[in-house]
Amino acid sequence: MSSFATILAATLPVFLIMGAGFLFHRRGWLDEKLEVGMIKLGLNLLFPCYILSLLPGNPALEKVSTAAWAIGIGFILVTAGFGVSWLIGLLARFKRGGGLRTFILCSGIQNYGFLALPIAISLFPGNTGPAGLVFVHGVGVEIALWTVGLWIMSGNSGFRSIINGPFVAVVVALILNYTGLHHWIPQIVVVTMEMLGRCAVPMAVLMIGATIGRFATRSILHDALRVGVSSVLARLVLGAMIILCAAKFLPISADLKRLLIIQAAMPAAIFPIALARLYGGQPQVAIQVVIVTSLVGIVSIPFVIAWGLGWVKP
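Residues numbered from 1 in each chain as written. Predicted model: local features only at pLDDT ≥ 70, side-chain atom pairs only at ≥ 80, totals over all residues. Heavy atoms only, no water.

As for the packing of aromatic side chains
- Applying the stated criterion to the full structure yields 6 aromatic pairs.
- Geometrically, the ring pair formed by F249 and W311 is edge-to-face, given 5.9 Å between the ring centres and 85° between the ring planes. Residue F249 is located in helix 10 (residues 224–249), and its partner W311 is located in helix 13 (residues 283–312); the two are separated by 62 residues in the primary sequence.
- Accessibility expressed as a relative area gives 61% for F249, which makes it exposed.
- For W311, a relative accessible area of 24% puts it in the partly exposed group.
- An aromatic cluster of at least three residues, connected via ring pairs, comprises F47, Y50 and F135. (Phe/Tyr/Trp six-rings, centres within 6.5 Å; stacked < 30°, edge-to-face > 60°. Helix = DSSP H or I, 4+ residues; strand = E, 2+ residues; numbered from the N terminus. Buried < 20%, exposed > 50% of the residue type's maximum accessible area, 1.4 Å probe, protein only.)

Structure (structure tokens):
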């Protein structure tokens, strides 16, 4: 079992890179067009290359059942997170039209990819299983986001929206993995994808910091205490316990248990901020949820992962 110091050493660099992105934005060194361009580059090229270099032949995906569990758990746990956030939102007296839908969406879904991935890589060096399962698990999370999550925000589902670069790359990578066709990919192509894929994670984490920097204004303090306390309870306490219980009691692989422990510790995802803006939600509530859970996460993530590893014993 990893010690607390080891886990802290694995998580702190992620937040330092986020801090660099925050600083670069606040200093005006990253304008909006550049940020959007870098995000598109990551989604459409770098992350697909990383996925295609990581998943085929990954020992953690030797069995089809592992992929099925990862996808199914991703969907079910995020849907459960929405339910928990709904209950907490009602107890905190959020109302429809006054931030309830936005609170449910943002507090119900963790930062399942961009933040979880570098921690998985650092925490389990030499074991590509948890990192590879991040993307497979993410398919289930994406399905939940664009069906249940979008229905919460707008009353309609947007299943077609999950068809993006990483999603297609996961599907292709799983086909290559289970058919054995990945053995026929030329080595020069493999090396090229690996080189591009190495850029994906640090750039994505940098952009998370820049995104937080873009929205962190003085007006964000309005009603921040109620939103902050409620989101920490929903996302980092109750939501975390649900995911840890799934890791403890479900008959899943050790690598998937390790991934779920990391997922349990994650703060709120950032992308729901955009959904709140697009579908008539309350962007300020979304931003408050992200900022507060991320700041608390700097301290809580090592504790949750350390305790989770000791309790689950994957």
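Here's the deal with unusual backbone geometry
- Backbone geometry places R93, a non-glycine residue, at a positive phi of 65°.
- Checked against the element boundaries, R93 lands in the loop between helix 3 (64–91) and helix 4 (100–108).
- Take R93: its relative accessible area is 69%, and that puts it in the exposed class.
- Although it is not a glycine, K313 sits at a positive phi angle of roughly 55°.
- Structurally, K313 can be placed in the segment after helix 13.

Details of the nonpolar core
- By size, the foremost hydrophobic cluster in this structure holds 102 residues, and its most contacted members are L55, F135, I262 and I305.
- Here this core takes 13 residues from helix 6 (residues 129–154), the largest share from any one element.
- Residues contacting L55, with those up to four places away along its chain left out, are L61, G132, F135, V136, V170, A173, L174 and N177. (Core = buried A, V, L, I, M, F, W, Y, C linked by side-chain atoms within 4.5 Å. Contact = heavy atoms within 4.5 Å.)

Brief notes about a nonpolar patch on the surface
- A grouping of F4, L12, L295, I298, V299 and F303 is seen on the molecular surface, where their side chains present a nonpolar patch of about 550 Å² in accessible area.
- Taken together, the elements giving at least two residues each to the nonpolar patch come down to helix 1 (4–26) and helix 13.
- No other element matches helix 13, which puts 4 residues into the nonpolar patch.
- Turning to its location among the elements, F303 is positioned in helix 13. (Patch = residues over 30% accessible without salt bridge, like charges linked within 9 Å, V, L, I, M, F, W, Y side chains within 5 Å. Areas by Shrake-Rupley, 256 points an atom, 1.4 Å probe, with all protein chains shown as cover. Salt bridge = Lys/Arg side-chain N within 4 Å of Asp/Glu carboxyl O.)

Some thoughts on the packing of helix 3 against helix 4
- Closest axis-to-axis distance for the helix 3/helix 4 pair is 8 Å, and the angle between their directions is 135°. On the basis of the axis angle, helix 3 is oblique to helix 4. In this structure, helix 3 meets helix 4 at a crossing whose hand is right-handed. Contacts from V78, G81, F82, S85, W86, I88, G89 and L90 of helix 3 reach helix 4 at L100, F103, I104, L105, S107 and G108.
- Tallied by class, residues from the contact of helix 3 with helix 4 come to 9 nonpolar, 5 polar and no charged. (Axes fitted to C-alpha atoms, helices over the stretch in contact; angles between N-to-C directions. Parallel < 35°, antiparallel > 145°, perpendicular 65-115°, else oblique. Left-handed = near helix turned anticlockwise from the far one by under 90°. Nonpolar A, V, L, I, M, F, W, Y, C, P; charged D, E, K, R; others polar.)

As for helix 13
- Look at helix 13: only 36 Å from first C-alpha to last across 30 residues, short of the 44 Å you get at 1.5 Å a residue.
- The largest bend in helix 13 is about 55°, located at I298, with the proline P302 one to four residues further on.
- Downstream of helix 13 by one or two residues, K313 has phi in the positive range, about 55°. (Expected span 1.5 Å × (residues − 1). Bend = angle between axes of the 7 residues up to and from the residue.)

A word on the confidence of the model for the protein chain
- For the protein chain, the mean per-residue pLDDT works out to 87, and 95% of the residues sit at or above 70.
- Between the elements of the protein chain, mean pLDDT differs from a low of 75, seen in helix 12 (residues 272–278), to a high of 96, seen in helix 11 (residues 254–265). (pLDDT = per-residue confidence, 0-100.)

What to know about helix 9 (residues 200–215)
- The terminal C-alpha atoms of helix 9, which comprises 16 residues, lie 23 Å apart, in line with the 22 Å expected from a rise of 1.5 Å per residue.
- Burial runs high along helix 9: 13 of the 16 residues are buried.

Notes on the environment of Y112
- Along the chain, Y112 turns up in the loop between helix 4 and helix 5 (116–123).
- For the pair Y112 and G74, spaced 38 residues apart in the sequence, the C-alpha separation amounts to 9.2 Å.
- Not counting chain neighbours up to four residues away, the residues in contact with Y112 comprise V134, G138, V141, E142 and Q263.

Examining the side chain of S294
- With respect to the helices and strands, the residue S294 is situated in helix 13.
- Dropping the residues within four chain positions of it, S294 is found in contact with F15, I212 and P267.

Quick notes on empty space enclosed by the protein
- All told, the structure shown has 1 cavity of 30 Å³ or more when counted by the stated rule.
- Space inside the largest cavity adds up to approximately 40 Å³.
- Along the walls of the largest cavity sit L77, V78, A80, G81, G108, Q110, R235, G239, I242 and I243, which together make up its complete lining.
- Looking at the lining of the largest cavity, the elements with two or more residues in it are helix 3 and helix 10. (1 Å grid on protein atoms, 1.4 Å probe; cavity = no way out; pocket = protein on both sides within 12 Å on 5 of 7 lines; lining within 4 Å. Points joined across faces, edges and corners; volume = space filled by probe spheres on them.)

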